Amino acid sequence: MDLVCVTVQQKLLPVSLRLLSIRRHYARLAEVGRLETPKAEGKYDTGQLILHRVFGYRGVVLFPWLARVYDRDLPQHREGDEETNAGVGKEVRGRTHTFYQVLIDQRDCPYIRAQTEAVTFLGNQDSSRSLYAIPGLDYVAHEDIFPYVSAEKAPLHHELFDKFLGPNPNRVVDFLDPPFVAQDTLKAWQNKNHPWLELSDVHKETTENIRVTVIPFYMGCKESHASSVYWWRYCIRLENLGSLSVQLRERHWRIFSLSGTLETVRGRGVVGQEPALTKTLPAFQYSSHVSLQAPSGHMWGTFRMEREDGYTFDCRIPPFSLESKAEGGPATPPETA
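Residues numbered from 1 in each chain as written. Predicted model: local features only at pLDDT ≥ 70, side-chain atom pairs only at ≥ 80, totals over all residues. Heavy atoms only, no water.

- Identification of the protein as ApaG domain-containing protein from Dendroctonus ponderosae is taken from an unreviewed UniProt entry.

Next up, the structure:
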(Lines give C-alpha, C1' and ligand atoms only; values in the text may rest on other atoms or scores of the structure.)
Protein backbone atom coordinates (compact mmCIF):
# COMPACT_ATOMS: atom_id res chain seq x y z
CA MET A 1 0.00 0.00 0.00
CA ASP A 2 1.41 3.39 -1.03
CA LEU A 3 1.60 6.34 1.30
CA VAL A 4 -0.07 9.58 0.34
CA CYS A 5 2.44 12.33 -0.33
CA VAL A 6 1.76 15.85 -1.60
CA THR A 7 4.01 18.60 -2.85
CA VAL A 8 3.78 21.37 -0.25
CA GLN A 9 5.01 24.85 0.38
CA GLN A 10 6.87 25.36 3.67
CA LYS A 11 3.87 26.91 5.44
CA LEU A 12 1.76 23.83 4.69
CA LEU A 13 4.34 21.29 5.84
CA PRO A 14 2.28 20.15 8.90
CA VAL A 15 -0.37 18.78 6.53
CA SER A 16 2.18 16.48 4.93
CA LEU A 17 3.39 15.31 8.33
CA ARG A 18 -0.16 14.52 9.42
CA LEU A 19 -0.77 12.41 6.35
CA LEU A 20 2.42 10.49 6.95
CA SER A 21 1.58 9.84 10.59
CA ILE A 22 -1.80 8.36 9.68
CA ARG A 23 -0.11 5.78 7.47
CA ARG A 24 3.08 5.39 9.48
CA HIS A 25 3.04 1.58 9.27
CA TYR A 26 3.49 1.62 5.49
CA ALA A 27 6.84 2.11 3.79
CA ARG A 28 6.18 3.39 0.28
CA LEU A 29 5.60 7.00 -0.66
CA ALA A 30 3.60 7.97 -3.73
CA GLU A 31 3.04 11.57 -4.76
CA VAL A 32 -0.64 12.22 -5.51
CA GLY A 33 -0.71 15.95 -6.19
CA ARG A 34 0.05 19.55 -5.30
CA LEU A 35 -1.63 21.49 -2.50
CA GLU A 36 -3.32 24.77 -3.37
CA THR A 37 -3.82 27.77 -1.10
CA PRO A 38 -6.94 27.30 1.07
CA LYS A 39 -9.72 29.83 0.53
CA ALA A 40 -10.12 32.32 3.37
CA GLU A 41 -13.26 33.67 1.67
CA GLY A 42 -15.74 32.28 -0.80
CA LYS A 43 -16.71 28.65 -1.38
CA TYR A 44 -15.14 25.62 -3.01
CA ASP A 45 -16.85 24.48 -6.18
CA THR A 46 -18.32 21.12 -7.03
CA GLY A 47 -15.52 18.87 -8.30
CA GLN A 48 -12.77 20.38 -6.12
CA LEU A 49 -10.32 17.71 -4.89
CA ILE A 50 -9.56 18.04 -1.17
CA LEU A 51 -7.52 16.69 1.71
CA HIS A 52 -9.23 16.62 5.12
CA ARG A 53 -7.32 18.78 7.61
CA VAL A 54 -7.96 16.46 10.57
CA PHE A 55 -8.43 12.96 9.13
CA GLY A 56 -6.08 13.32 6.17
CA TYR A 57 -8.22 11.50 3.60
CA ARG A 58 -8.58 12.42 -0.07
CA GLY A 59 -12.01 13.50 -1.25
CA VAL A 60 -13.99 15.55 -3.73
CA VAL A 61 -16.61 18.25 -3.10
CA LEU A 62 -20.12 17.38 -4.29
CA PHE A 63 -21.98 20.50 -3.13
CA PRO A 64 -22.05 23.00 -0.23
CA TRP A 65 -24.49 23.37 2.66
CA LEU A 66 -25.14 26.47 4.73
CA ALA A 67 -25.54 25.46 8.38
CA ARG A 68 -26.26 27.26 11.64
CA VAL A 69 -23.38 26.60 14.02
CA TYR A 70 -24.16 26.83 17.75
CA ASP A 71 -20.75 27.11 19.39
CA ARG A 72 -20.99 27.23 23.17
CA ASP A 73 -17.29 28.18 23.40
CA LEU A 74 -17.81 31.56 21.71
CA PRO A 75 -18.93 34.69 23.56
CA GLN A 76 -22.67 35.09 22.98
CA HIS A 77 -23.03 38.75 23.95
CA ARG A 78 -23.20 41.24 21.11
CA GLU A 79 -23.17 45.02 21.17
CA GLY A 80 -26.67 46.26 21.89
CA ASP A 81 -27.83 42.94 23.38
CA GLU A 82 -28.92 42.59 26.96
CA GLU A 83 -26.68 40.51 29.19
CA THR A 84 -27.86 36.90 29.51
CA ASN A 85 -26.47 33.70 30.95
CA ALA A 86 -25.73 32.42 27.44
CA GLY A 87 -22.04 32.17 28.28
CA VAL A 88 -22.70 29.47 30.86
CA GLY A 89 -24.87 27.55 28.57
CA LYS A 90 -28.62 28.14 28.15
CA GLU A 91 -29.14 30.32 25.08
CA VAL A 92 -26.67 30.02 22.22
CA ARG A 93 -26.99 32.06 19.03
CA GLY A 94 -26.39 30.32 15.73
CA ARG A 95 -23.89 31.62 13.20
CA THR A 96 -24.05 30.69 9.51
CA HIS A 97 -21.16 28.57 8.25
CA THR A 98 -20.35 26.60 5.09
CA PHE A 99 -20.01 22.81 5.10
CA TYR A 100 -19.51 20.50 2.13
CA GLN A 101 -20.88 17.15 1.08
CA VAL A 102 -17.76 15.15 0.20
CA LEU A 103 -17.08 11.78 -1.40
CA ILE A 104 -14.19 10.00 0.35
CA ASP A 105 -11.54 8.09 -1.59
CA GLN A 106 -12.19 4.44 -0.76
CA ARG A 107 -8.45 3.74 -0.69
CA ASP A 108 -8.17 5.92 2.43
CA CYS A 109 -11.20 4.61 4.35
CA PRO A 110 -9.35 1.81 6.23
CA TYR A 111 -6.77 4.28 7.59
CA ILE A 112 -8.90 7.11 9.00
CA ARG A 113 -10.56 7.34 12.40
CA ALA A 114 -14.01 8.20 11.15
CA GLN A 115 -16.96 6.01 10.27
CA THR A 116 -16.99 6.14 6.49
CA GLU A 117 -19.00 3.00 5.82
CA ALA A 118 -22.21 4.83 4.94
CA VAL A 119 -24.57 7.70 5.59
CA THR A 120 -28.01 6.21 6.16
CA PHE A 121 -31.32 7.74 5.18
CA LEU A 122 -34.80 6.66 4.22
CA GLY A 123 -36.17 7.57 0.81
CA ASN A 124 -39.93 7.76 0.40
CA GLN A 125 -39.83 6.93 -3.29
CA ASP A 126 -41.85 3.75 -2.78
CA SER A 127 -44.22 2.15 -0.32
CA SER A 128 -41.53 -0.18 1.05
CA ARG A 129 -39.74 2.74 2.75
CA SER A 130 -36.36 1.07 2.25
CA LEU A 131 -33.27 2.09 4.20
CA TYR A 132 -30.58 3.49 1.92
CA ALA A 133 -26.86 3.63 2.64
CA ILE A 134 -24.41 5.88 0.80
CA PRO A 135 -20.83 4.63 1.26
CA GLY A 136 -17.92 7.00 1.85
CA LEU A 137 -19.91 10.21 2.29
CA ASP A 138 -18.94 12.91 4.78
CA TYR A 139 -19.79 16.47 5.84
CA VAL A 140 -16.72 18.73 6.05
CA ALA A 141 -16.43 22.26 7.45
CA HIS A 142 -14.84 24.92 5.23
CA GLU A 143 -11.81 25.31 7.53
CA ASP A 144 -11.11 21.56 7.42
CA ILE A 145 -10.48 21.58 3.66
CA PHE A 146 -7.10 21.71 1.94
CA PRO A 147 -7.64 21.91 -1.84
CA TYR A 148 -5.19 20.14 -4.11
CA VAL A 149 -4.51 19.33 -7.77
CA SER A 150 -4.07 15.64 -8.47
CA ALA A 151 -1.15 14.08 -10.33
CA GLU A 152 -3.04 10.81 -10.82
CA LYS A 153 -5.00 9.69 -13.88
CA ALA A 154 -7.72 8.36 -11.57
CA PRO A 155 -7.62 10.93 -8.74
CA LEU A 156 -10.43 9.48 -6.65
CA HIS A 157 -11.67 5.93 -6.16
CA HIS A 158 -15.37 5.74 -5.32
CA GLU A 159 -18.18 3.84 -6.98
CA LEU A 160 -20.26 7.04 -7.37
CA PHE A 161 -17.44 9.27 -8.64
CA ASP A 162 -17.97 8.68 -12.38
CA LYS A 163 -21.75 8.73 -11.97
CA PHE A 164 -21.78 12.07 -10.18
CA LEU A 165 -18.85 13.96 -11.75
CA GLY A 166 -17.24 14.37 -15.14
CA PRO A 167 -14.19 16.23 -16.52
CA ASN A 168 -14.61 20.00 -16.69
CA PRO A 169 -14.60 20.84 -20.43
CA ASN A 170 -14.15 24.56 -19.74
CA ARG A 171 -11.16 24.27 -17.43
CA VAL A 172 -8.38 26.67 -18.42
CA VAL A 173 -6.33 27.39 -15.30
CA ASP A 174 -5.66 24.65 -12.72
CA PHE A 175 -5.96 26.81 -9.63
CA LEU A 176 -9.04 28.74 -10.84
CA ASP A 177 -11.31 26.03 -12.22
CA PRO A 178 -12.25 22.73 -10.58
CA PRO A 179 -11.14 19.66 -12.57
CA PHE A 180 -14.62 18.11 -12.47
CA VAL A 181 -18.21 19.32 -12.83
CA ALA A 182 -21.55 17.89 -11.73
CA GLN A 183 -23.30 15.42 -13.99
CA ASP A 184 -27.08 15.51 -14.32
CA THR A 185 -27.13 12.38 -12.15
CA LEU A 186 -25.68 14.30 -9.18
CA LYS A 187 -28.14 17.17 -9.57
CA ALA A 188 -31.10 14.78 -9.74
CA TRP A 189 -29.82 12.76 -6.78
CA GLN A 190 -29.33 15.87 -4.64
CA ASN A 191 -32.80 17.18 -5.49
CA LYS A 192 -34.46 13.82 -4.82
CA ASN A 193 -32.75 13.15 -1.49
CA HIS A 194 -32.42 16.71 -0.21
CA PRO A 195 -34.56 16.18 2.95
CA TRP A 196 -32.34 13.34 4.17
CA LEU A 197 -29.00 14.85 3.21
CA GLU A 198 -29.51 18.46 4.30
CA LEU A 199 -27.24 19.71 7.05
CA SER A 200 -28.93 22.52 8.97
CA ASP A 201 -27.65 22.69 12.58
CA VAL A 202 -24.19 22.04 14.06
CA HIS A 203 -23.47 22.11 17.81
CA LYS A 204 -20.05 22.51 19.47
CA GLU A 205 -18.71 22.58 23.03
CA THR A 206 -15.26 22.12 24.61
CA THR A 207 -14.50 20.61 28.03
CA GLU A 208 -10.92 20.20 29.33
CA ASN A 209 -9.50 20.65 25.79
CA ILE A 210 -11.85 18.04 24.29
CA ARG A 211 -14.08 19.55 21.63
CA VAL A 212 -17.33 17.75 20.83
CA THR A 213 -19.19 18.54 17.60
CA VAL A 214 -22.68 17.14 16.96
CA ILE A 215 -24.63 17.20 13.68
CA PRO A 216 -28.18 15.74 13.79
CA PHE A 217 -30.09 14.55 10.69
CA TYR A 218 -33.74 13.56 10.44
CA MET A 219 -34.20 10.14 8.81
CA GLY A 220 -37.95 9.64 8.69
CA CYS A 221 -41.01 8.20 10.39
CA LYS A 222 -41.99 4.54 10.61
CA GLU A 223 -45.74 4.30 11.00
CA SER A 224 -47.88 1.43 12.24
CA HIS A 225 -51.52 1.05 13.23
CA ALA A 226 -50.64 1.70 16.86
CA SER A 227 -47.99 4.43 16.73
CA SER A 228 -45.50 6.50 14.78
CA VAL A 229 -41.77 6.23 15.47
CA TYR A 230 -39.51 9.10 14.34
CA TRP A 231 -35.83 8.42 13.62
CA TRP A 232 -32.72 10.60 13.57
CA ARG A 233 -29.07 9.99 12.76
CA TYR A 234 -26.43 12.06 14.57
CA CYS A 235 -22.75 12.42 13.75
CA ILE A 236 -20.31 13.14 16.58
CA ARG A 237 -16.69 14.23 16.32
CA LEU A 238 -14.35 14.35 19.31
CA GLU A 239 -11.09 16.28 18.97
CA ASN A 240 -8.28 16.59 21.50
CA LEU A 241 -6.97 20.17 21.48
CA GLY A 242 -4.53 19.58 24.34
CA SER A 243 -1.11 17.96 24.69
CA LEU A 244 -2.06 14.96 26.87
CA SER A 245 -3.66 11.80 25.46
CA VAL A 246 -7.25 11.16 26.53
CA GLN A 247 -9.41 8.04 26.20
CA LEU A 248 -13.21 7.86 26.05
CA ARG A 249 -14.47 5.35 28.63
CA GLU A 250 -18.24 5.80 29.00
CA ARG A 251 -21.21 7.61 27.49
CA HIS A 252 -24.22 9.07 29.31
CA TRP A 253 -27.18 10.34 27.30
CA ARG A 254 -30.40 12.10 28.31
CA ILE A 255 -33.10 11.96 25.63
CA PHE A 256 -36.26 14.08 26.01
CA SER A 257 -39.30 13.54 23.80
CA LEU A 258 -42.09 16.03 23.12
CA SER A 259 -44.44 13.29 24.31
CA GLY A 260 -43.10 13.96 27.82
CA THR A 261 -40.72 11.03 28.28
CA LEU A 262 -37.13 11.41 29.51
CA GLU A 263 -34.81 8.47 28.80
CA THR A 264 -31.34 7.83 30.20
CA VAL A 265 -28.79 5.77 28.24
CA ARG A 266 -25.45 4.68 29.75
CA GLY A 267 -22.78 2.41 28.36
CA ARG A 268 -19.12 1.66 27.81
CA GLY A 269 -17.44 3.59 24.99
CA VAL A 270 -19.18 4.40 21.72
CA VAL A 271 -20.01 2.11 18.78
CA GLY A 272 -18.15 -0.72 20.49
CA GLN A 273 -14.93 1.25 20.94
CA GLU A 274 -13.12 3.26 23.61
CA PRO A 275 -11.15 5.57 21.31
CA ALA A 276 -7.95 7.25 22.48
CA LEU A 277 -7.32 10.83 21.33
CA THR A 278 -3.56 11.31 21.08
CA LYS A 279 -1.11 13.83 19.60
CA THR A 280 -0.73 11.81 16.39
CA LEU A 281 -4.40 10.76 16.19
CA PRO A 282 -6.27 13.59 17.92
CA ALA A 283 -9.77 13.02 16.51
CA PHE A 284 -12.46 10.37 16.28
CA GLN A 285 -15.80 10.55 14.46
CA TYR A 286 -18.81 8.25 14.52
CA SER A 287 -22.53 8.13 13.78
CA SER A 288 -25.43 6.64 15.70
CA HIS A 289 -29.24 6.72 15.72
CA VAL A 290 -32.09 7.59 18.06
CA SER A 291 -35.88 7.23 17.84
CA LEU A 292 -38.80 9.02 19.52
CA GLN A 293 -42.54 8.46 19.57
CA ALA A 294 -42.99 12.17 18.95
CA PRO A 295 -42.02 14.47 16.05
CA SER A 296 -39.44 16.38 18.10
CA GLY A 297 -37.27 16.30 21.19
CA HIS A 298 -33.82 17.08 22.61
CA MET A 299 -30.62 15.20 23.47
CA TRP A 300 -27.68 16.06 25.69
CA GLY A 301 -25.17 14.21 27.81
CA THR A 302 -21.54 13.57 28.72
CA PHE A 303 -18.59 11.37 27.83
CA ARG A 304 -16.49 10.08 30.70
CA MET A 305 -12.87 10.68 29.68
CA GLU A 306 -9.62 9.40 31.21
CA ARG A 307 -6.40 11.35 30.67
CA GLU A 308 -2.98 9.68 30.43
CA ASP A 309 -2.06 11.03 33.88
CA GLY A 310 -5.05 9.20 35.40
CA TYR A 311 -7.33 12.26 35.72
CA THR A 312 -10.97 11.54 34.79
CA PHE A 313 -13.64 14.07 33.87
CA ASP A 314 -17.03 14.37 32.21
CA CYS A 315 -16.88 15.97 28.77
CA ARG A 316 -20.11 17.76 27.94
CA ILE A 317 -22.07 16.87 24.80
CA PRO A 318 -23.81 20.08 23.66
CA PRO A 319 -27.63 19.93 23.75
CA PHE A 320 -29.23 19.60 20.33
CA SER A 321 -32.76 19.50 18.96
CA LEU A 322 -34.38 16.60 17.14
CA GLU A 323 -36.82 18.05 14.61
CA SER A 324 -38.83 16.00 12.09
CA LYS A 325 -39.36 16.86 8.43
CA ALA A 326 -40.88 14.42 5.94
CA GLU A 327 -42.19 10.88 6.29
CA GLY A 328 -40.04 7.74 6.36
CA GLY A 329 -38.05 5.61 8.85
CA PRO A 330 -35.41 2.87 9.19
CA ALA A 331 -36.15 -0.80 9.47
CA THR A 332 -34.06 -2.14 12.37
CA PRO A 333 -33.66 -0.11 15.60
CA PRO A 334 -29.91 0.37 16.23
CA GLU A 335 -28.39 1.09 19.66
CA THR A 336 -27.85 4.67 20.82
CA ALA A 337 -24.07 5.10 21.18
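Considerations on the pairing of strand E19 (residues 296–307)
Then, in step 1: In this sheet, E19 lies alongside strand E15 (residues 246–257) in antiparallel orientation, the contact comprising 11 bridges. Its bridge partner lying in E19, Ser 257 is registered against Gly 297.
Then, in step 2: When E19 meets strand E20 (residues 312–323), the two strands line up antiparallel, connected through 10 bridges. Note on E20: the bridge partner recorded for Glu 306 is Thr 312.
Then, in step 3: Hairpin connection between E19 and E20: a loop of four residues separates the two successive antiparallel strands, and Gly 310 in this loop has a positive phi of roughly 95 degrees. (Pairing = 2+ DSSP bridges. Helix = DSSP H or I, 4+ residues; strand = E, 2+ residues; numbered from the N terminus.)

Some points on the environment of Arg 68
Then, in step 1: With respect to the element layout, Arg 68 can be found in strand E4 (residues 58–71).
Then, in step 2: For Arg 68, the contacting residues outside a window of four places in its chain are Arg 95, Ser 200, Asp 201 and Val 202.
Then, in step 3: A distance of 2.6 Å separates a polar atom in the side chain of Arg 68 from a polar atom in the side chain of Asp 201. (Contact = heavy atoms within 4.5 Å. Polar contact = N/O pair within 3.5 Å; in protein donor to acceptor, adjacent residues only side chain to side chain.)

Here's the deal with the pattern of salt bridges
Then, in step 1: The full count for this structure, using the stated rule, is 17 salt bridges.
Then, in step 2: Notably, a salt bridge pairs Arg 107 with Asp 105, separated by 2.6 Å at the nearest N-O pair.
Then, in step 3: Each of Arg 58, Asp 105, Arg 107, Asp 108 and Glu 152 takes part in salt bridges that share partners, so that together they form one network. (Salt bridge = Lys/Arg side-chain N within 4 Å of Asp/Glu carboxyl O.)

Looking at a nonpolar patch on the surface
Then, in step 1: Where nonpolar side chains cluster on the molecular surface, the patch consists of Phe 256, Leu 262 and Trp 300 and spans about 260 Å² of accessible area.
Then, in step 2: As for its placement among the helices and strands, Leu 262 is situated in strand E16 (residues 262–268).
Then, in step 3: A residue is classified by how much of its surface remains accessible, and Leu 262, at 44% relative accessible area, is partly exposed. (Patch = residues over 30% accessible without salt bridge, like charges linked within 9 Å, V, L, I, M, F, W, Y side chains within 5 Å. Areas by Shrake-Rupley, 256 points an atom, 1.4 Å probe, with all protein chains shown as cover. Buried < 20%, exposed > 50% of the residue type's maximum accessible area, 1.4 Å probe, protein only.)

Quick look at the side chain of Arg 237
Then, in step 1: Counting through the fold element by element, Arg 237 comes out in strand E14 (residues 228–240).
Then, in step 2: Classification of Arg 237 by relative accessible area gives buried; the value is 13%.
Then, in step 3: For Arg 237, the side chain forms a polar contact with the side chain of Asp 144, separated by 2.9 Å.
Then, in step 4: A distance of 3.0 Å separates a polar atom in the side chain of Arg 237 from a polar atom in the side chain of Glu 239.

Regarding the packing of aromatic side chains
Any aromatic ring pair is given by two values, namely how distant the centres are and how the planes are angled relative to each other.
Then, in step 1: Following the criterion strictly, the structure yields 13 aromatic pairs and no others.
Then, in step 2: With 6.1 Å between their ring centres and 90 degrees between their planes, Trp 253 and Phe 320 make a pair best called edge-to-face. Of this pair, Trp 253 sits in strand E15 while Phe 320 sits in strand E20; the two residues are 67 residues apart in sequence, bridging distant segments of the chain. For the pair formed by Trp 253 and Phe 320, the shared burial category is buried.
Then, in step 3: Through a chain of ring-to-ring contacts, the aromatic side chains of Phe 63, Trp 65, Phe 164 and Trp 189 assemble into a single cluster.
Then, in step 4: Lying across the ring of Phe 217, Arg 233 places its NZ or CZ 4.2 Å from the centre. (Phe/Tyr/Trp six-rings, centres within 6.5 Å; stacked < 30°, edge-to-face > 60°. Lys NZ or Arg CZ within 6 Å of the ring centre and 35° of its normal.)

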